[in-house]
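An overview of the molecular structure
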Amino acid sequence: MAHQRRRLLRPLTSWPYRDIIDRARATPAGTRAFQFGPYVLLPLLGAGAALAPALLSTRLTFLLLLVVAYVMLRIMDSVYGLVVLAGTLVLLPQGMDGFERNIMFNVALYTLLGIGLNVVVGYAGLLDLGYVAFFAAGAYLYALVVAPDAGASEWAQQWDLGVTFWAVLPMALVVAALIGVALGVPVLRLRGDYLAIVTLGFGEIIRIMARNEDYYTSGPRGIFLLPKPPFFGRELDTAYELYFVALALAIVAVIAAERIRDSRVGRAWEAIREDEDVASSMGIDTTVYKLLAFAIGAAIGGLGGVIIAAKQGSVFPDDYNLDVSINVLALVIIGGMGNVRGILLGALLVVGLPDVLRDFSINLGVAEFQNIGADYRLVIFGASLVAIMVLRPEGLLPSRRRAAEFQEAELLEQELAT
Amino acid sequence: MPILSVRHVSRAFEGLVALNDVSIDVDEATIVGVIGPNGAGKTTLFNILTGFYRPTSGEVWFCEARIDGLPMHRIAAAGISRTFQNIRLFSNMTAIENVMVGQHLHLGTNVATAILRPPATVASERRAIEQSAEHLRFVGLSGRENELARNLPYGEQRRLEIARALAVRPRLILLDEPSAGMNAGESIAMMDLIRELRDDLRVTVILIEHQMRVVMGVCERISVLDYGEKIAEGTPAEVQRDQRVIEAYLGTGHLQRRGEP
């Protein structure tokens, strides 16, 4: 009975993306044609994307980046694709103006957040709608620890740890992970929809606490005058520089997340997602592994919070609202649940596109449509999300099976057979 | 000293008594059958042995330790693993991944070593793959390693469940209707596999089975459940002659009709 009920709830967190893989496997010829095409196309696209800001002064360069990212990420297993993608991400913002660089910063930040939420939702299958809580925790931790007395809350004025951004990062990792466990414990028995509702409430509680605990957080007045990250005698104070900080952390997070996924821990999560009862009858302590997923997801969210607080130089409770949780979840789903590669793409779309559309204009000779981007950008954005979900319900870049890892075992089998 | 001792176990579901004062002893390295009509409480018994249910009363002892009421993963660690009546593989994982999940208890990778991948972790992962391939070979699924579990034919899914259960390295394995839905040839192959579990791996086997050919062919001892009570126990020959077993399976009306003319 319990088993059947879970089956009904599961489609929320397990999209049928693996059918696609089966089909791709069935037609090796199709994948082979796909493998060689990019070798011609990619250098052109990469060079185009890097030069684009100089040539095209419009933000269409961003759309070009989207295309490059999509193609690159599809072949990211090859070092070649990785190099071109990394080059594009590093070079592209150089020719951008402040507004565009801000967008790129947000994309990098949300990529980091997406990687964290993906551990919880994509790997362990726990639907978390309160992810903003950990983001807020990281931001407030930074604000409380580093704020000068002029901007700090009453409580934080009493002490001074004298630490910088770089020291707060590991602190945020630990504090957010502990908060993740604190959220995890009461919701362990909940699944699917029920879990989503409780986590939703948790996200709101953190925000409301930040607003009402005036003594600790300065309430709605916020904490401000936060210092920027020091870097070899100077400060990283532009969106452009902080973009690289966020990007670097996102890259480290990607590597860590993929390595955990491909280990005993990742298999345990996958087993729990597929069938929790069977997983525990295989000796997996489901309590521990669910809490671990919450803790790791939260820790990454906490890092993101530290970065945003440092960039903004201030924290206000209402910056950490439900929209953040929804956006992060949306980019995970659109990028491709369970796949960290899809997350960059999802972030480009969900976080980048609405801003990029701002000055997208077509003159159709109709007054209402003169400024189609600025006026209708959210309509266009919403419609494109709906279109993506209808056309590719599994996300743009669903996770691929790890066939390569097991080819080793296959070879071993052949040796045994002969 | 029996390896498993079920002592006066009862289990009720809101008034419905699924098991009533059932006691069963199982000796190490034997193959024991549990039979009975539908709804007799066989699967409930398995669920109690693996910790999915707590008994309402009574005790379960395994390897001289009391295990009733322990969480499922602790019971798995104690050395009991199982297969399921309605196959419950991790259907979106490959065959070898399913088996590797079964090895969970015997690998030491944690988050830190997963990220840093020291040589010891890489080596243990490689060993896990090799051992999983070996388990698959044992149940006759060589060459199927990278097949998604749900794409395997039904009979192979049953075997994969056994391979996954073996990866836990159990001392006792519970098979819930291992040959359900199989034809005669497949059933005989399954019986051979069950015997190999015991003969080659020295694993104690308890199986629930409806196919009498399998039960009588492979089990050394049989316990019969009916309406949650153990009504008979003994060798296959003894059980077949038992009057209460015949009644449970064919109904008392059968005997009356036979006596009437």
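Reference entry: report on the structure contained in this document. (Residues numbered from 1 in each chain as written. Chains lettered and ligands numbered in written order. Predicted model: local features only at pLDDT ≥ 70, side-chain atom pairs only at ≥ 80, totals over all residues. Heavy atoms only, no water.)

Some points on the overall build of chain A
Looking only at helices and strands, chain A has 18 helices and two strands in total. Per-residue burial for chain A yields a buried fraction of 55% across its 418 residues. With an accessible surface of roughly 17,900 Å², chain A has 66% of that area assigned to carbon and sulfur atoms. (Helix = DSSP H or I, 4+ residues; strand = E, 2+ residues; numbered from the N terminus. Buried < 20%, exposed > 50% of the residue type's maximum accessible area, 1.4 Å probe, protein only. Areas by Shrake-Rupley, 256 points an atom, 1.4 Å probe, with all protein chains shown as cover.)

So, the pattern of salt bridges
Residues and elements named next belong to chain B. Inspection of every chain in the model, using the stated rule, returns 24 salt bridges over all chains. When the shortest N-O distance is used, the salt bridge between Arg144 and Glu147 registers 3.7 Å. Look at Glu147 and you get partly exposed, because its relative accessible area is 28%. (Salt bridge = Lys/Arg side-chain N within 4 Å of Asp/Glu carboxyl O.)

What to know about the environment of Leu19 of chain B
Residue and element names in this part refer to chain B. The topology assignment puts Leu19 in strand β2 (residues 16-26). Since its relative accessible area comes to 0%, Leu19 is described here as buried. For the pair Leu19 and Gln157, spaced 138 residues apart in sequence, the C-alpha to C-alpha distance is 30 Å. If near-sequence neighbours (up to four positions away) are discounted, Leu19 is found in contact with Val9, Ser10, Arg11, Gly41, Thr44, Leu45, Ile48, Leu225 and Gly228. (Contact = heavy atoms within 4.5 Å.)

Quick word on the pairing of β2 of chain B
All names here are of chain B. Inspection of the sheet shows strand β1 (residues 4-13) paired to β2 by seven bridges, in the antiparallel sense. Residue pairing across strands places Arg11 opposite Leu19, the latter belonging to β2. Hairpin connection of β1 to β2: two residues between the antiparallel strands, including Glu14 at a positive phi of 45 degrees. (Pairing = 2+ DSSP bridges.)

Considering the sheet that holds β1 of chain B
Residues and elements named next belong to chain B. Pairing is antiparallel in the open sheet, where four strands are placed in the order β2-β1-β4-β5. Two strands lie at the open edges of the sheet, namely β2 and β5 (65-66), each paired on one side alone. The sheet contacts of helix α1 (residues 42-49) involve β1, β2 and β4 (57-62), and relative to β1 the element is tilted by about 115 degrees. (Axes fitted to C-alpha atoms, helices over the stretch in contact; angles between N-to-C directions.)

Notes on helix α3 (residues 95-102) of chain B
Here α3 of chain B lies mainly inside the structure; eight of its eight residues are buried. By the burial criterion, the buried members of α3 of chain B are Ala95, Ile96, Glu97, Asn98, Val99, Met100, Val101 and Gly102 of chain B.

A look at the packing of aromatic side chains
Aromatic rings considered in pairs are described by the distance between their centres and by the relative angle of their planes. Residue and element names in this part refer to chain A. Under the criterion given, the structure shown has 15 aromatic pairs over all chains. Look at Tyr142 and Phe165: their rings are 5.9 Å apart centre to centre, the planes differ by 80 degrees, and that puts the pair in the edge-to-face class. With Tyr142 in helix α7 (residues 132-146) and Phe165 in helix α8 (residues 165-187), this pair connects stretches of sequence that are 23 residues apart. Looking at Tyr142, the relative accessible area reads 1%, which means it is buried. (Phe/Tyr/Trp six-rings, centres within 6.5 Å; stacked < 30°, edge-to-face > 60°.)

Brief notes about the sheet that holds strand β3 (residues 31-35) of chain B
All names here are of chain B. Read from one edge to the other, the open sheet built from six strands follows the order β6-β7-β8-β3-β9-β10, with strand pairing classed as mixed. Each having just a single partner strand, β6 (80-82) and β10 (229-234) make up the two edges of the open sheet. Mean inter-strand twist for the sheet, computed between neighbouring axes without regard to direction, equals 20 degrees. Pairing of β6 with strand β7 (residues 172-176) involves three bridges; the strand directions are parallel. Across the sheet, Ile80 pairs through a bridge with Leu172, a residue of β7. The strands touched by α1 within the sheet are β3, β6, β7, β8 (204-208) and β9 (221-226), with β8 carrying the most contacts at an inclination of about 145 degrees.

Quick look at the packing of α8 of chain A against helix α14 (residues 286-312) of chain A
Residue and element names in this part refer to chain A. For the pair α8 and α14, interaxial distance at closest approach is 6 Å and the crossing angle is 140 degrees. As far as their axial angle goes, α14 and α8 are oblique. Our pair here, α8 against α14, has a crossing hand that is right-handed. When grouped by side-chain class, the residues that make up the contact of α8 with α14 number 20 nonpolar, three polar and no charged. (Parallel < 35°, antiparallel > 145°, perpendicular 65-115°, else oblique. Left-handed = near helix turned anticlockwise from the far one by under 90°. Nonpolar A, V, L, I, M, F, W, Y, C, P; charged D, E, K, R; others polar.)

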